[in-house]
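Structural features, examined
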Amino acid sequence: MKIAYLHRITFDESEVRFLEEARKLNIELVPIKYRKLKFVEGKILFGEIDLKDFEGWYFRSVGSELEWSKLLQFYARKYNIPVVDEYLMTEGPLRRFKSIMTWQLLEAEVNYPKSAYVESLTDLKKELEKWEFPAIVKLSQGGRHGMGTFWIREMADIEKLENVLEGRREKAKEKGEKMVPLRGFLIQEYIRNDGDYRVMTVGYKCIGGFKRQVKEEKLILNKSQGNSVAVKDLPKDVIEIAERAAKVLRVEVAGTDIIRDIKTGQLYIVEVNEAPQFKVFEKRTRINAAGAILEYCKEKFSK
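For clarity, every value in this text was computed on a predicted model and none was experimentally measured.

1. Description of the pattern of salt bridges
Overall, the coordinates contain 24 salt bridges when judged by the stated rule. Arginine 212 is paired through a salt bridge with aspartate 196; the nearest N and O atoms lie 2.6 Å apart. One end of the pair, arginine 212, is in strand E13 (residues 205–212); the other, aspartate 196, is in strand E12 (residues 196–202), and 16 residues separate them in sequence. Per residue, the accessibility class of arginine 212 equals that of aspartate 196, and both read buried. With its nearest N and O atoms 2.9 Å apart, the salt bridge here joins glutamate 252 to lysine 300. Here lysine 300 lies in helix H8 (residues 289–302) and glutamate 252 lies in the loop between helix H6 (236–249) and strand E15 (253–260), a separation of 48 residues in the sequence.

2. Digging into empty space enclosed by the protein
Scanning all chains against the criterion turns up one cavity of 30 Å³ or more. The space that makes up the largest cavity amounts to roughly 40 Å³. Along its surface, the largest cavity is lined by Trp57, Phe59, Ser69, Leu72, Gln73, Ala76, Val83, Leu88 and Met89. Across the lining of the largest cavity, the residue classes break down as seven nonpolar, two polar and no charged.

3. Remarks on the environment of threonine 149
Along the chain, threonine 149 turns up in strand E10 (residues 149–152). Once the C-alpha coordinates of threonine 149 and lysine 283 are considered, the two residues, 134 residues apart in sequence, prove to be 25 Å apart. Leave out the neighbours within four places in its chain, and threonine 149 touches Ile136, Val137, Lys138, Leu219, Ile220 and Leu221.

4. As for the packing of helix H4 (residues 121–128) against helix H5 (residues 156–175)
Where H4 contacts H5, the two axes come as close as 10 Å, and the packing angle between them is 155°. Relative to H5, the element H4 lies roughly antiparallel. As for how H4 packs across H5, the hand of that crossing is right-handed. In contact with Leu121, Leu124, Lys125 and Leu128 of H4, H5 contributes Ile158, Leu161 and Glu162.

5. Thoughts on the nonpolar core
Among the nonpolar cores identified, the biggest contains 42 residues, and Leu51 and Trp57 are the most heavily contacted of them. Among the elements that line this core, the one with the most residues is H6, at six residues. Apart from residues no more than four positions distant in its own chain, leucine 51 is found in contact with Leu6, Ile32, Leu37, Ile44, Leu45, Phe46, Trp57, Leu72, Tyr75 and Ile81. Ranked by size, the runner-up nonpolar core spans 22 residues in total, among them Phe18, Ala22, Phe210 and Ile293.

6. A short note on the sheet that holds strand E11 (residues 185–189)
What the four strands build is an open sheet, ordered E8-E11-E9-E10; its pairing is antiparallel. If you trace the sheet from one side to the other, it starts and ends with strand E8 (115–118) and E10, each paired once. Put simply, the sheet's adjacent strands are angled 25° from each other on average, direction ignored. Taken together, the four bridges between E8 and E11 define a ladder with antiparallel strand orientation. The residue bridging serine 115 from the neighbouring strand is glutamine 188, located in E11.

7. Re a nonpolar patch on the surface
Among the surface-exposed residues, Leu66, Leu94 and Ile100 lie close enough to one another that they form a single nonpolar patch of about 240 Å² accessible area. Structurally, leucine 94 can be placed in the loop between strand E7 (83–84) and helix H3 (98–107). Looking at leucine 94, the relative accessible area reads 44%, which means it is partly exposed.

8. With respect to the layout of surface pockets
Estimates place the volume of the second largest pocket at around 180 Å³. In terms of lining, the second largest pocket is formed by Lys114, Trp131, Glu132, Phe133, Pro134, Ala135, Glu189 and Tyr190.

9. Notes on the packing of aromatic side chains
Two aromatic rings are characterised by how far apart their centres lie and by the angle between their planes. Counted by the stated rule, this structure contains nine aromatic pairs. Aromatic pair tyrosine 5 and phenylalanine 18: ring centres 5.3 Å apart, planes at 55°, arrangement tilted. With tyrosine 5 in strand E1 (residues 2–7) and phenylalanine 18 in helix H1 (residues 12–24), this residue pair connects regions lying 13 residues apart in the sequence. Of the two residues, tyrosine 5 and phenylalanine 18, neither departs from the other in class, the shared state being buried.

Rules and cut-offs
- Residues numbered from 1 in each chain as written.
- Predicted model: local features only at pLDDT ≥ 70, side-chain atom pairs only at ≥ 80, totals over all residues.
- Heavy atoms only, no water.
- Salt bridge = Lys/Arg side-chain N within 4 Å of Asp/Glu carboxyl O.
- Helix = DSSP H or I, 4+ residues; strand = E, 2+ residues; numbered from the N terminus.
- Buried < 20%, exposed > 50% of the residue type's maximum accessible area, 1.4 Å probe, protein only.
- 1 Å grid on protein atoms, 1.4 Å probe; cavity = no way out; pocket = protein on both sides within 12 Å on 5 of 7 lines; lining within 4 Å.
- Points joined across faces, edges and corners; volume = space filled by probe spheres on them.
- Nonpolar A, V, L, I, M, F, W, Y, C, P; charged D, E, K, R; others polar.
- Contact = heavy atoms within 4.5 Å.
- Axes fitted to C-alpha atoms, helices over the stretch in contact; angles between N-to-C directions.
- Parallel < 35°, antiparallel > 145°, perpendicular 65-115°, else oblique.
- Left-handed = near helix turned anticlockwise from the far one by under 90°.
- Core = buried A, V, L, I, M, F, W, Y, C linked by side-chain atoms within 4.5 Å.
- Pairing = 2+ DSSP bridges.
- Patch = residues over 30% accessible without salt bridge, like charges linked within 9 Å, V, L, I, M, F, W, Y side chains within 5 Å.
- Areas by Shrake-Rupley, 256 points an atom, 1.4 Å probe, with all protein chains shown as cover.
- Phe/Tyr/Trp six-rings, centres within 6.5 Å; stacked < 30°, edge-to-face > 60°.

So, in structure tokens, the structure goes:
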């Protein structure tokens, strides 16, 4: 079986793991960067290979590749090419915006923190005047490894947040990189918890998970107070809400973050990550995530 492995940025460890597991499963996995593609006379080509000649496509990551994502969506529909993940055939990369995810989960009545979405820092300040502190503020476009999540204890922290973002913009400008826009903020209520579960689902089914310690209470909410720990038997309700959230969002390969309110015991979805990194997951759980993903792709594409 020949599968196109579509990605934007090369993460060596992930790609190596996928290629290792592909060989074991007798899969010809072909890594393809979007910007190596070309659209000529109605064909999407990788070198001289027509993408319709693959049995299926696995979109490992999409990110900001809006144009290629849409062209590939058209192509997949025209030639009935099966893809993973399914969300790319509907919302596409827009699903990665936290505001879009919020809408979908709330509409489906999946437990999700009280939220609000605003465009500007001015509107953020106005909206937070109505909220109880502490509160969580996230960049709607996201940020890797929690760098887009902020813990706001008082109004003065908004100025600190602005300074952090301006500093990042300056660094990006110096390096000639894309600058983070100072717009698009998701506000969420802060739910006290004793850490969060990271649950991995493949084909909307849980394959395992682990638990991270509670986050350090500082402006950038990206560091836990200790190492994550394996959870041999995930609570049934944790598995159920993870599987439901992935299905609502049509994310076939998902890393879902879940917290439990220490006062009420209620579970809440924090984030559903498409194409999650799985180095820590495999280390903590001893579960072969790369193999599980490719086995799922092989089974789906065979049908």
